[in-house]
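Architecture and fold: a report
Residue-level listing of the chains:
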Amino acid sequence: MGDFFYVYVIESLSKPGQYYIGFTEDLEDRLKHHNSGAVPSTAPYRPWAYRTFTAFKNRERALDYERYLK
């Protein structure tokens, strides 16, 4: 999927309704990172699954969209 920037929404599987919005260049690695407990704000609600994501070719537009969603 190279050369894209992603804004994603994940939902906790252990606490449905708990969402997290983020930005990444590697969707697969980022979800693994959240599910490993390495992100303090998401660790208590593991495991996580993607609910949606949007791909951008432009990094700044992706970051603007992430800020908008948050």
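Residues numbered from 1 in each chain as written. Predicted model: local features only at pLDDT ≥ 70, side-chain atom pairs only at ≥ 80, totals over all residues. Heavy atoms only, no water.

A look at the pattern of salt bridges
Under the counting rule described, the total for this entry stands at five salt bridges. One salt bridge in this structure joins Lys32 and Glu28, with 3.3 Å as the shortest N-O distance. One end of the pair is Lys32 and the other is Glu28, both in helix α1 (residues 27-36) and four residues apart, which spans about a single turn. Of the charged contacts, one joins Asp64 and Arg67 as a salt bridge, the two residues approaching to 2.5 Å between their closest N and O atoms. Of this pair, Asp64 and Arg67 are both found in helix α2 (residues 59-69), three residues apart, which corresponds to roughly one turn of the helix. Relative accessible area serves as the criterion here: at 51%, Arg67 is assigned to the exposed category. (Salt bridge = Lys/Arg side-chain N within 4 Å of Asp/Glu carboxyl O. Helix = DSSP H or I, 4+ residues; strand = E, 2+ residues; numbered from the N terminus. Buried < 20%, exposed > 50% of the residue type's maximum accessible area, 1.4 Å probe, protein only.)

Focus: the environment of Arg30
Within the secondary structure layout, Arg30 lies in helix α1. Remark: the alpha-carbon pair of Arg30 and Val7, spanning 23 residues in sequence, is separated by 11 Å.

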